[in-house]
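Structure at a glance
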Amino acid sequence: MQIEIDFESEEALYIQLRNQIIYGIATRQYREGDSLPSVRQLAETIGINMHTVNKAYAVLRQEGLLRLGRRTGAVIAVDIDRLKAMEEMRENLRLIIARGYCKGVSREEIHQVVDSIYSEYESEK
């Protein structure tokens, strides 16, 4: 598991960890049913507090990407309902697109960015 944390970033460490795991799932580095390291193991490997890893895992569980069990630990469980995922994505994109629109980014440029990012995940299949 290759996780890189930027300790100089203003982004919270647990968010960085969460995002890296999400990218790992999207690029199929992690698949349904894969176990992630224990909270203690991952904290030691990355050099962060166990509570930080625990918070990232809890957020991923709330988002429907992880299943946490006492015996099984953290397991990839991508069970998000598609409609809920689309709704969340729409809300997140709404602000991002509004920012781009305010800065003069065209519809075509937005489509190119989305297509480019989506292609990154398709190539991993």
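The sections below set out a description of the structure shown in this document. Quick caveat, the model's predicted, so the values are computed rather than measured.

Topic: the nonpolar core
Leu 17, Ile 21, Leu 36 and Tyr 57 are the most contacted members of the largest nonpolar core, which has 19 residues in total. If you list the elements that add at least two residues to this core, you get α1 (13–26), α2 (39–46), α3 (50–62) and β2 (73–76). By residue number, the principal contributor to this core is α3, which donates four residues.

Describing the pattern of salt bridges
A full pass over the atoms with the stated rule returns two salt bridges. Taking the shortest distance from any N to any O, the salt bridge between Arg 18 and Glu 63 comes out at 3.0 Å. Note that Arg 18 is positioned in helix α1 and Glu 63 in the loop between α3 and β1 (66–69), a separation of 45 residues in sequence. Given the relative accessible area of 24%, Glu 63 is considered partly exposed. The partner of Arg 94 in a salt bridge is Glu 91, with the nearest N and O atoms 3.7 Å apart. Note that Arg 94 and Glu 91 are positioned in helix α4 (residues 82–102) at a spacing of three residues, about one turn of the helix. By relative accessible area, which is 49% here, Arg 94 ends up partly exposed. Under the relative-accessibility criterion, Glu 91 is labelled partly exposed at 47%.

How each quantity is defined
Residues numbered from 1 in each chain as written. Predicted model: local features only at pLDDT ≥ 70, side-chain atom pairs only at ≥ 80, totals over all residues. Heavy atoms only, no water. Core = buried A, V, L, I, M, F, W, Y, C linked by side-chain atoms within 4.5 Å. Buried < 20%, exposed > 50% of the residue type's maximum accessible area, 1.4 Å probe, protein only. Helix = DSSP H or I, 4+ residues; strand = E, 2+ residues; numbered from the N terminus. Salt bridge = Lys/Arg side-chain N within 4 Å of Asp/Glu carboxyl O.

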